[in-house]
Amino acid sequence: MKITERLNMHRFSLLLVTFLLSTVPVIYGQTKYMVDIPVTQQDSRIHVTLMYQEKNDAFGMMTQDYRITVTNNTTDKLKVYIDYGARLVCGAEKSHKLGPLGDGITIAPSQTVGKPYGSDGIGSAVRLTAGACPGESWKQMGEDEKGSALYSMISTVYYRIVKIENISEKERSAAEAKKQKAEAELRKKAEAEQKQKAAAEERERLQRENTTKTAQNTAVSERTAMSTAGSVGSSNAPAANLSEKVKVNGEYVQVYRENGVPYVRRADGSTHQTTETAFNQISKISNAAKSTSSIAQQQELHQQQIAAQQAEYQRKAAADKLYAQQRDEIITQGVSEMANLIGGIMQYNRAEKERQQAIAERRAEAERQRQHELYMMQTNRRDAFAILPATDIPLVSKEKASNLYFFIYAHNDLSSEYGASAYVSNVFEVGKYRDGTRAYTAKVKNEIENLTPYSEVLHGYYYTYDEAANTRNNLIRALKSTGMRVEEVQYKGKPGQHSPEEIKGAPQPTFGTVISDENIQSVAVPEEKVKKQVEKSNYGTLIK
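Conventions and cut-offs
- Residues numbered from 1 in each chain as written.
- Predicted model: local features only at pLDDT ≥ 70, side-chain atom pairs only at ≥ 80, totals over all residues.
- Heavy atoms only, no water.
- Helix = DSSP H or I, 4+ residues; strand = E, 2+ residues; numbered from the N terminus.
- Contact = heavy atoms within 4.5 Å.
- Expected span 1.5 Å × (residues − 1).
- Buried < 20%, exposed > 50% of the residue type's maximum accessible area, 1.4 Å probe, protein only.
- Arc of directions from axis to C-beta.
- Polar contact = N/O pair within 3.5 Å; in protein donor to acceptor, adjacent residues only side chain to side chain.
- Core = buried A, V, L, I, M, F, W, Y, C linked by side-chain atoms within 4.5 Å.
- pLDDT = per-residue confidence, 0-100.
- Pairing = 2+ DSSP bridges.
- Axes fitted to C-alpha atoms, helices over the stretch in contact; angles between N-to-C directions.
- Phe/Tyr/Trp six-rings, centres within 6.5 Å; stacked < 30°, edge-to-face > 60°.
- Lys NZ or Arg CZ within 6 Å of the ring centre and 35° of its normal.

Peer 1: Explain the environment of Leu475 to me, please; I cannot follow it from the model alone.
Peer 2: Among the structural elements, Leu475 can be located in helix H8 (residues 465-481). When the C-alpha atoms of Leu475 and Tyr409 are compared, they prove to be 9.6 Å apart, with 66 residues separating the residues in sequence. Those residues in contact with Leu475 that lie beyond four places of it in its chain are Ala384, Phe385, Leu388, Phe407, Tyr409 and Val424.

Peer 1: Would you take a moment to explain H8 for this structure?
Peer 2: Since one α-helical turn is 3.6 residues long, residues separated by three or four positions face the same way. In this model, H8 (17 residues) spans 25 Å end to end at C-alpha, consistent with the 24 Å of a helix rising 1.5 Å per residue. Among the residues of H8, those classed as buried are Tyr465, Ala468, Ala469, Thr471, Arg472, Leu475, Ile476 and Leu479. The buried side chains of H8 occupy one side of the element, clustering within an arc of 165° when seen end-on. Away from its buried face, by an angle of more than 90 degrees, H8 presents the exposed residues Asp466, Arg477 and Ser481. In this structure Thr464 caps H8, since a side-chain oxygen of it lies 3.2 Å from the backbone nitrogen of Glu467. Phi for Gly483, located one or two positions after H8, is positive at around 90°.

Peer 1: Which parts of the structure should I look at to understand the nonpolar core?
Peer 2: Most often, soluble globular proteins keep nonpolar side chains buried together rather than apart. Core analysis: the biggest nonpolar cluster contains 27 residues, and Ile46, Ile68, Val70, Ile82, Ile154 and Tyr159 have the highest contact counts within it. At the level of elements, strand S2 (46-56), strand S3 (62-72), strand S4 (78-88), strand S6 (105-107), strand S9 (125-128) and strand S10 (154-166) are the ones that each hand at least two residues to this core. For this core, the element with the highest residue contribution is S4, accounting for six residues. Those residues in contact with Ile154 that lie beyond four places of it in its chain are Tyr52, Gln64, Tyr66, Ala86, Arg87, Leu88, Val89 and Leu128. Ranked by size, the runner-up nonpolar core spans 21 residues in total, among them Phe407, Tyr409, Val427 and Val457.

Peer 1: How should the confidence of the model for the chain be read in this particular structure?
Peer 2: When pLDDT drops low, the exact placement of atoms in the prediction is not to be read closely. Looking at the chain as a whole, its pLDDT mean stands at 75, while 70% of the residues score no less than 70. Note on residues 225-235: pLDDT under 50 across the span, and 14 contacts to partners over four residues away in sequence or across chains. Taken as a whole, residues 502-544 scores under 50 in pLDDT and shows 56 contacts with residues more than four places along the chain or in a different chain.

Peer 1: I'm lost on the sheet that holds strand S14 (residues 271-273) in this one. Help?
Peer 2: Backbone-to-backbone hydrogen bonds pair the strands of a sheet. The strands run either parallel or antiparallel. Strand order in the open sheet formed by four strands is S11-S12-S13-S14, with antiparallel pairing between adjacent strands. Across the chains shown, the open sheet's two edge strands, defined by having one partner strand only, are strand S11 (246-248) and S14. Strand-to-strand twist across the sheet, computed as the mean angle between neighbouring axes with direction ignored, equals 45°. Sheet topology note: the strand S13 (residues 261-265)/S14 ladder contains three bridges and is antiparallel. From the neighbouring strand, Val264 faces S14, where its bridge partner is His272.

Peer 1: Looking at this structure, how should I read the packing of aromatic side chains?
Peer 2: Given two aromatic rings, their pairing is described by the distance between the two centres and the angle made by the two planes. Applying the stated criterion across every chain yields a total of eight aromatic pairs. Between Phe406 and Phe428 the ring centres are 6.4 Å apart and the planes differ by 20°, which places this aromatic pair in the stacked class. Remark: Phe428 occurs in strand S17 (residues 428-431) and Phe406 occurs in strand S15 (residues 403-411); sequence separation between them is 22 residues. Taken individually, Phe406 and Phe428 each receive the classification buried, so the pair is uniform in this respect. Within the aromatic cluster, the residues linked to one another by ring pairs are Phe406, Phe428, Tyr461, Tyr463 and Tyr491. Across the ring face of Tyr158, the terminal group of Arg87 is positioned such that the distance to the ring centre comes to 4.2 Å.

Peer 1: For this particular structure, what's the right way to read the side chain of Asp43?
Peer 2: By the element assignment, Asp43 lies in the loop between strand S1 (35-37) and S2. From its side chain, Asp43 meets the backbone nitrogen of Arg45 in a polar contact 2.9 Å long. The contacts of Asp43, once residues within four sequence positions are left out, are Ile161 and Ile164.

Encoded structure:
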């Protein structure tokens, strides 16, 4: 084989290795953070978020995932039915329903839920690849369009609220109906007991009245008998033997027997013995009068009883009417008061519920705003450092420039809302020594290891001082705009050995006192400095 052909083969091998090394990030892939896609909120009771991320697989092919999350903004338990999906650039569409089998999903107050599972997704996200587009549509696309579709398959995402059911409201309505039914049963039972009590009191009253009437009738009978006895009795004649008064010869007389002897008693009370014939005649007339008097008395007593019964009936009817009126008034008033009470309670509960819901919505909105600001702040911090990767100092054999410029940065947890801090060094030079070599990366990293409390990153390289300084200043401004505390540190660097003309024309750093090689190890380390696990790298053997 000719020498020229061998050199060409060596050059091809070197180019192939260089190409493979340059494509390592693509082969191993890179995942973008899942970010929110702004969507219009269709119902204030819930907050819908559509998120999206891209991934490169092991062969450099990009896949795209998207997912939906729903937050309950209310203090009630809701069941939400939502259709959502994505339209692809090739015209295809992927649609889904929230919840297993599209039957909705129940969300507790202030809870956030996502898609529980999916046969066409990974976890809770929907994954799209190049095969998501229909075959015929894919064949009709040009090569440029296919490449665009691979790296931007999703054209738009959307969602639609089908229905929202308030489960808590249904439970409250059922509980309220149950409560009202129980109260109605209690009122019905109380009314029945009241009626039974009133009936018992009425029976007792009638019994007392009947007892009183019997006593009154007995007293009337006794008074009548006493009056009759008084009209025929005398101090000289036994009242039990006196006959009825009869009028004989213009004078009222009575007859009686005493020891079998007939006597006559005059109106003035005087008495005298009479004949049997006179006695018999007067007795006959007296008996006839007595019979007539008894019938009259009985009629009079009956009339009195009828009048008393009528009076009692009228009194009872008036009492029953008054009782019915009073009862109706009490029931009407009670029902009205209860209705007013229930209405007032319901109105108060409704107002209180609306107030609590408004407070919860304001708090939820404030928290969402805070979380969004925190997310944007964290994203901006990561992006600020992501575009400034770590760099090693190149060997002279790979980079011929005389002077290269670097600066150093270090930071703690970027997700901290208030405690994030960073350190940024001055711009320093790494130049060539007189023997044509340049300082090794390992030596510089050993010198800057204790420059900050965190893991230091060497960033560069730049061919001019101004270019490096502009990048450094932009980093500091970006970090401060996200609320990070930025401290500046100094490092001398590894200047080359130049001629006097080069030294005179070179720009000078303006970031404070330069730290010399002698005092690098005595730089003060903050108290929060933790012991760092420094990974020792094997940089291989230098091929001369």
